[in-house]
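# Coordinate analysis (summary)
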Amino acid sequence: MTTVSTPSPPWLNPDSTPASDSASTSPSHHRDRGDDAESLDSFSSMTLNSEEFNLNPNPNLNIQTHTTSPSATTPPPSLLHLSFNQDHACFAVGTDRGFLILNCDPFREIFRRDFDRGVAVVEMLFRCNILALVGGGPDPQYPPNKVMIWDDHQGRCIGELSFRSDVRSVRLRRDRIVVVLEQKIFVYNFVDLKLMHQIETFANPKGLCAVSQGAGSMVLVCPGLQKGQVRIEHYASKRTKFVMAHDSRIACFALTQDGSLLATASSKGTLVRIFNTVDGTLRQEVRRGADRAEIYSLAFSSNAEWLAVSSDKGTVHVFGLKVNSGVKDTPTRIASNVTRPTSPSSSLSLFKGVLPKYFSSEWSVAQFRLVEGTQYIVAFGHQKNTVVILGMDGSFYRCQFDPVNGGEMAQLEYHNCLKPPSVF
């Protein structure tokens, strides 16, 4: 799952206390973990009221509700964060006033919570009532070094995780909470917030991390311990795999839902590589372009037949994949693979080893042009051959690509998610 967030200013936490090795077993009290050697970023405290913790589908996600109704004359809030939920049916928006949850298809605001203070991370868990929030912006609602567990049934926080450095991102599964710091990742059991695993990483200011969402055991991907390396954790087999994916630093990556395939891009931004997560083998390589670019997001389609890429060049690319995530071939899929469009340059693949690698690269099947320089994240829509694009300018696009002929995608709709709800 892809997120985009703006950096938060330093936060001086007046309530911070040194971590201790002791831990309270009471869920209603702080429990401390860590040691002095890791004092810069180690876990310091956590609180969860277990009697009030209830993970259920959120009825608010099926009706349109609002805590407040700002007038049309109220200036729009500043956007701090964008992220899709795990199945890309909804997305979350963090602003300098609170957060919003919106539906992708049909596009509509589901609910908003206005705090008049900033929220820099909003992580959904499918469509249930529990969200993870981290404060941010000029006037944070919560300290940026804390993950707040928000229960929207109760309209308040029921737990928190505190750290000694700012939280860069959060990932949720039904059984785990993953918290990403600058150089460390913590994995917690969801129900009782018990610390299950700690991982040290290369410098990770973007909070890069991906977790599988399939019914099986979790696969987690994060930066390794050196530039260009990714680390793959298979929790079922208790195996760790390190893959040197690129020569330059990792800029972005994405997992398939079942965690079997990994797409990576480097800071150079010209190539995207697809790896098998079990053995780390390179399965495919596609080319976004010839010039450098900052890759903002990568996304697999649900059947791993397509890969979408967004960058600062203002173009969203869709690539056809030759590998799949264990999805059985259907007549439609076989026909699609046979008739899939190819770039004129792909015919030069016969001359591999003679012409430069650039000329034998696999190029995108379809493209959609946007405003250059704006940060966009992308996901595949629930309707066939559709892509949903979210911009840090508040823009929402839904477009469709032709899997046979390729070319420019057709725009189906456009909205601004920061407008007051009265205009929807």
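In this text the structure is predicted, and so the values were computed from the model without any measurement.

What counts and how
Residues numbered from 1 in each chain as written. Predicted model: local features only at pLDDT ≥ 70, side-chain atom pairs only at ≥ 80, totals over all residues. Heavy atoms only, no water. Phe/Tyr/Trp six-rings, centres within 6.5 Å; stacked < 30°, edge-to-face > 60°. Helix = DSSP H or I, 4+ residues; strand = E, 2+ residues; numbered from the N terminus. Buried < 20%, exposed > 50% of the residue type's maximum accessible area, 1.4 Å probe, protein only. Lys NZ or Arg CZ within 6 Å of the ring centre and 35° of its normal. pLDDT = per-residue confidence, 0-100. Contact = heavy atoms within 4.5 Å. Pairing = 2+ DSSP bridges.

One pass over the structure, following the stated rule, counts 16 aromatic pairs. Between the aromatic rings of F380 and F401, the centroid separation amounts to 6.3 Å while the plane-to-plane angle is 75°, which identifies the pairing as edge-to-face. Placement of F380 in strand 27 (residues 376-380) and of F401 in the loop between strand 29 (395-400) and strand 30 (407-408) is noted, with a sequence separation of 21 residues between them. Of the two residues, F380 and F401, neither departs from the other in class, the shared state being buried. The ring of F126 carries R174 above its face, with NZ or CZ at 3.9 Å from the centroid.

On to the environment of F107. By the secondary structure assignment, F107 is in the loop between strand 5 (98-103) and strand 6 (108-114). F107 sits in the buried class, given a relative accessible area of 12%. Between the C-alpha atoms of F107 and F396, which are 289 residues apart in sequence, the distance is 8.7 Å.

Turning our attention to the confidence of the model for the protein chain. Detailed conclusions should not be drawn from predicted coordinates in areas where pLDDT is low. Scored by pLDDT, the protein chain comes out at a mean of 79, with 73% of its residues at no less than 70. Contacts of residues 6-46 to residues separated by more than four positions or lying in other chains number 98 contacts, the stretch itself having pLDDT below 50. Under a pLDDT of 50 for its full length, residues 342-355 has, in the predicted model, ten contacts with residues more than four places off or in other chains.

Regular strands place their side chains on alternate faces of the sheet. Summarising burial for strand 29: five of the six residues are buried, a large majority. Pairing analysis gives five bridges linking strand 28 (residues 386-391) to strand 29, with the strands arranged antiparallel. Within strand 29, the position partnered with V387 by the bridge is C399. Hairpin connection from strand 28 to strand 29: three residues lie between these consecutive antiparallel strands, with G394 at a positive phi of about 90°. As judged from the six bridges shared by strand 29 and strand 31 (residues 410-416), these two strands associate in the antiparallel manner. By the bridge assignment for strand 31, R398 is matched with E413.

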